[in-house]
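Each chain, written out:
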Amino acid sequence: MTTERANRDRTDAGTDALRASPPADAADDVDRAFVAAVGAMAPAARAAPSLADDLDRPVRAGTRLSVRRALALFDAQLESRHVDFAARWLRARQAGYYTIGSSGHEGNAAVAAALALTDPAFLHYRSGAFFIERARQAPGQQAARDMLLGMVAARDEPIAGGRHKVFGSAALHIPPQTSTIASHLPKAVGTAFALERNRRLRVADHHPDDAIVMCSFGDASVNHSTAVGAINAACRIALHWPMPVLFVCEDNGIGISVPTPAGWIERAYGDRPGLRYLAADGLDLVAAWDAAHETVRHVRSQRRPAFLHLRTVRLMGHAGSDVEIAYRSRDEIGADIARDPLVATARLLVDAGALTADQVLARYEATRRAIAALAEDAARRPRLESAAEIMAPLAPRTADAVAAEVARPTDAAVRGRIWSGRLPEEARPAPLVHHINAALVDLLAKYPELLVFGEDVGKKGGVYGVTRGLQDRVGAARVFDTLLDEQTILGLAIGAAHVGFLPVPEIQYLAYVHNAIDQLRGEAASLQFFSRGQFKNPMVVRIAAFAYQKGFGGHFHNDNAIAALRESPGLVIAAPGRGDDAAAMLRTCVAAARVDGAVCAYLEPIALYGERDLHDGDGGFAMTYDPVGRHVPLGSARVHGDGRDLLIVSYANGVRMSLRAAARVERSHGVRARVLDLRWIAPLPVADLLREATAVGRVLVVDEGRRTGGVSEGVITALVDAGYTGSMRRVAAADTFIPLGDAANLVLVSEAEIEAAIVGTAWAPANQ
């Protein structure tokens, strides 16, 4: 045995530690197989190079991949492999929490090498070699260390700070991804779309004009509706607009335990109109390099989408806890080990005379020792220690800065030009829909980076006319129609925010947001949390919401279900009930998005869009537009009246209904009630609620949402938690979907029901 070969057995603290408690037989099998395969390699005809200029020759005939670059890529592959080994070792010591590895996928290092550092990359969770290779392009980055810190949930891990193990780095232009399958594809499409829009509008300078977007994923992921929709959207958009996105499918032939049918990816995407398809052997570094460079050149020059299909293998199972032998034969597992891409790269370098087999093994062992030392250090790093520390980056709130942003004036000349001299504050009092429309025009005037988009919002002006005239005022580059796909709409918003825009997307009906809730909850609202605020995707999602439409309805147009929004951490939820509040709250949401990166759901009560009267014929719900608008701080309620007998707490449609019912009960029974309009569902205005409830001593919550999961649950819980001891009752909609026509009135809260509850609650003992 040569001296270099003997390095494998030398005494070393890190190496001995890894071998003393091998993480799993699967890892040990892969490790031993690599050493055996390299040891059996015959020496090349030529000696290893000794002169630097020899390193610039092609590593194999017919490719532009040089020996120098191949060696660097091999080092990235080795680091990624030993990080996988270290992850299992850390888990065996109960010091690590993440063992989904990249072994078998190390060919993705070639994709990283084909891209520019400034090309945004949305990564598959088996992208270790890609991450390490890209980090080599940015001075000072220590990718392997950062990956290990993530695995042990270390507080000083640079991107997520111990909150999750993610591939992410602001310096590397890699936004962190959650583990939701395919959820990153819509925002990759959105980012590519926004890069091109920015070339026209010039609102940000985060990326060069020729930047493209790369998005990688596994073969099983292409079956998810999110992936199907995103790729379809890219092809559809590319018919009329540049779409510089590269989809990279790393096909290892299996999704956890379910095999992908042979040829499935080729049949699904190999002949898709508008999508350049190229397949390559991802186990062969040269083939991966050549294919990656070809597809990147195509996307960069043509500004059209491409699909790179890299065939890979999955080594060591899905994760450390996966007992692969339970669903695959030993022959199948062994066949994949025999196709190890690291063995293939080693053979490439040995055949090229770049390294001897002994030098390969020396390099392999040196990497093992370096990674082992990093793992040992990572295991000793401090962890997160308090709920406050964990939650700090979730939803930062700087109230004074938001207030100042709301108050910052719009350029008068710009505003006058957009309004063509006919200012909305000079018009007669108008209902809620006109206040939202005018506020959107003013916001478009104030913020050149603001975009308004969604289904039918452009030429048509929205189903209810809320965006009518906006496109004519500012152009189709800033107000435009999208595909009929909520995942795409929200993905466009996230991607646009990544590029520097301030998106205001519209979801046509509340029920439709549930088609894409993960884009809002799992992706948009989580980004600051998983990046410690280094990445933000500010947005205000306008949603036509709630029930009580007359002569129309059914579940998908009359929907009172907001529980999925309420339980989304960090999400701001606005629910205005009056036109003046609607305009002011929309300005607040946009300011919070711009200043704090807030993700806001702005729920517009459809039934109040055109309502002019509070009481019949009084014009009490038609108001004069205020072009500046008072500031409405997040989590602040509004009180109507000063009644001492009862506090009615409500929001949106419930505010008008409560005011009407209270007026009738005062005339008929002498009960004087005040109405607290919550305005904000999240953050809930607990301080205002407790102050008013304590002052009155009797509370009735009017909730047009369902009894289960509705806002009233949160209101009453907040009162109980705060120690409120007065009387509490609620009226809420039934736990059912809303039927069509007049039958809806049988399950929704009615004014008659509110009246009865007012009388019953007002006469109840205050300490009930």
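Residue positions are given per chain, counting from 1 as you read along its sequence in written order. Only residues with pLDDT of at least 70 are given local features in this predicted model, and only at 80 or more are side-chain atom pairs given and counted; all residues enter the totals for whole chains, interfaces and linings. Where side-chain values are given, they derive from all heavy atoms of the structure, hydrogens and water being excluded.

Visitor: Report on unusual backbone geometry, specifying residues and quantitative values.
Guide: In most cases, non-glycine residues show a negative phi, while peptide bonds are predominantly trans. Along the chain, Ala682 connects to Pro683 via a cis peptide bond; the corresponding omega equals -5°. Positionally, Pro683 belongs in the loop between strand S17 (680-682) and helix H27 (686-696). One non-glycine residue with positive phi stands out, namely Tyr548, at about 75°. Among the structural elements, Tyr548 can be located in the loop between strand S11 (539-545) and helix H24 (563-566). Per the convention used, a helix needs a DSSP run of H or I reaching at least four residues, while a strand needs a run of E reaching at least two, with both numbered from the N terminus.

Visitor: Go over the packing of helix H4 (residues 67-92) against helix H13 (residues 341-351) with me, naming the residues and quoting the values.
Guide: An axis is simply a line fitted to the C-alpha atoms; with a helix, the fit covers only the stretch in contact. Between two such axes, the angle follows the N-to-C directions and lies from 0 to 180 degrees. Between H4 and H13, whose axes approach to 10 Å, the crossing angle comes to 155°. On the basis of their axis angle, the class for H4 and H13 is roughly antiparallel. For the pair H4 and H13, the sense of crossing is left-handed. Each of Ala70, Leu71, Phe74, Gln77, Leu78 and Arg81 in H4 lies in contact with H13, whose residues at this interface are Pro341, Leu342, Thr345, Ala346 and Leu349. Each residue belonging to the contact of H4 with H13 can be placed in one class, and the counts come to eight nonpolar, two polar and one charged. Note on angle classes: values under 35 degrees are labelled roughly parallel, values over 145 roughly antiparallel, values of 65 to 115 roughly perpendicular, and the remainder oblique. Note on convention: the crossing is left-handed when the near helix lies turned anticlockwise from the far helix by less than a right angle, right-handed when the turn is clockwise. Contacts between residues were defined by any pair of non-hydrogen atoms, one from each residue, lying within 4.5 Å. When residue character is reported, Ala, Val, Leu, Ile, Met, Phe, Trp, Tyr, Cys and Pro are called nonpolar, Asp, Glu, Lys and Arg charged, and the others, Gly included, polar.

Visitor: Can you lay out the nonpolar core for me, pointing to particular residues and giving the numbers?
Guide: For the purposes of this section, nonpolar cores are sets of buried Ala, Val, Leu, Ile, Met, Phe, Trp, Tyr and Cys residues that join through side-chain atoms within 4.5 Å. Whether a residue is buried, partly exposed or exposed follows from its accessible area with a 1.4 Å probe, protein chains only, as a fraction of its type maximum: under 20%, in between, or over 50%, in that order. Membership of the largest hydrophobic core comes to 157 residues, with the highest contact counts inside it found for Phe247, Phe307 and Ile758. Setting aside its immediate chain neighbours within four residues, Phe247 contacts Leu185, Val189, Cys215, Phe217, Ala230, Ile231, Ala234, Leu275, Ala306, Phe307 and Leu308. Residues Phe34, Leu73, Ala113 and Ala114 belong to the second largest nonpolar core, which totals 92 residues.

Visitor: Outline the sheet that holds strand S7 (residues 306-311), listing residues and values.
Guide: Strands in a sheet are paired, the pairing made by backbone hydrogen bonds, and the direction either parallel or antiparallel. DSSP bridges decide pairing: two strands pair if at least two such bridges lie between them. The five strands are arranged S1-S2-S3-S7-S6 in an open sheet whose pairing can be described as parallel. This sheet does not close on itself; its edge strands, each paired only once, are strand S1 (121-122) and strand S6 (276-281). Contacts from helix H9 (residues 225-237) reach strand S2 (213-218), strand S3 (245-251) and S7, with the element oriented near 145° to S3.

Visitor: Lay out the pairing of strand S13 (residues 599-605) with the relevant residues and their values.
Guide: Among the seven residues that make up S13, seven are buried, leaving the element largely enclosed by the rest of the structure. Neither face of S13 is left uncovered, since the one carrying Val599, Ala601, Leu603 and Pro605 and the one carrying Cys600, Tyr602 and Glu604 both have all their residues buried. Sheet topology places S11 next to S13; seven bridges connect them, and they run parallel. Its bridge partner being in S13, Val540 is matched across the sheet by Cys600. With its strands directed away from the observer, a crossover is right-handed exactly when the path from the first strand over the helix to the second travels clockwise. A crossover connection joins strand S12 (residues 572-574) to the parallel S13 through helix H25 (residues 579-596); in handedness this β-α-β unit is right-handed.

Visitor: I'd love a proper account of the confidence of the model for the chain, names of residues and values included.
Guide: Note: pLDDT gives the predictor's confidence per residue, expressed from 0 to 100. Overall, the predicted model of the chain reaches an average pLDDT of 92, with 94% of residues at or above 70. Low pLDDT (under 50) marks residues 1-24, which in the prediction has 40 contacts with non-local residues, meaning those over four places away or in another chain.

Visitor: Explain the side chain of His318 to me, and be specific about the residues and the numbers.
Guide: Secondary-structure assignment places His318 in the loop between S7 and helix H12 (330-338). For His318, a relative accessible area of 15% puts it in the buried group. We call two N or O atoms a polar contact when they sit within 3.5 Å, provided that within protein one can donate a hydrogen and the other can accept it, with sequence-adjacent residues counted only if both atoms are side-chain atoms. Polar side-chain contacts of His318 include one of 3.0 Å to the side chain of Arg126. Non-local contacts of His318, meaning those with residues more than four positions away in its chain, are made with Ile100, Gly101, Tyr125, Arg126, Ile256 and Tyr327.

Visitor: An account of the sheet that holds S11 is needed here, citing residue identities and associated values.
Guide: Taken together, the seven strands give an open sheet; going across it, the order is S9-S8-S10-S11-S13-S12-S17, and neighbouring strands pair in mixed fashion. With partners counted over all chains shown, the strands left at the sheet margins are strand S9 (479-481) and S17, one partner each. The average undirected angle you get between the axes of adjacent strands in this sheet is 20°. Sheet analysis places strand S8 (residues 450-454) next to strand S10 (residues 502-507), joined by five bridges and oriented parallel. Across the sheet, Leu450 pairs through a bridge with Leu502, a residue of S10.

Visitor: Help me get a handle on the environment of Ala601, residues and values and all.
Guide: Take Ala601: it is sitting in strand S13. Taking the C-alpha atoms as reference points, Ala601 and Ala110, 491 residues apart in sequence, are found 40 Å from one another. Residues in contact with Ala601, not counting those within four places in the same chain, are Val541, Ile543, Leu565, Leu571, Val572, Ile573 and Ala574.

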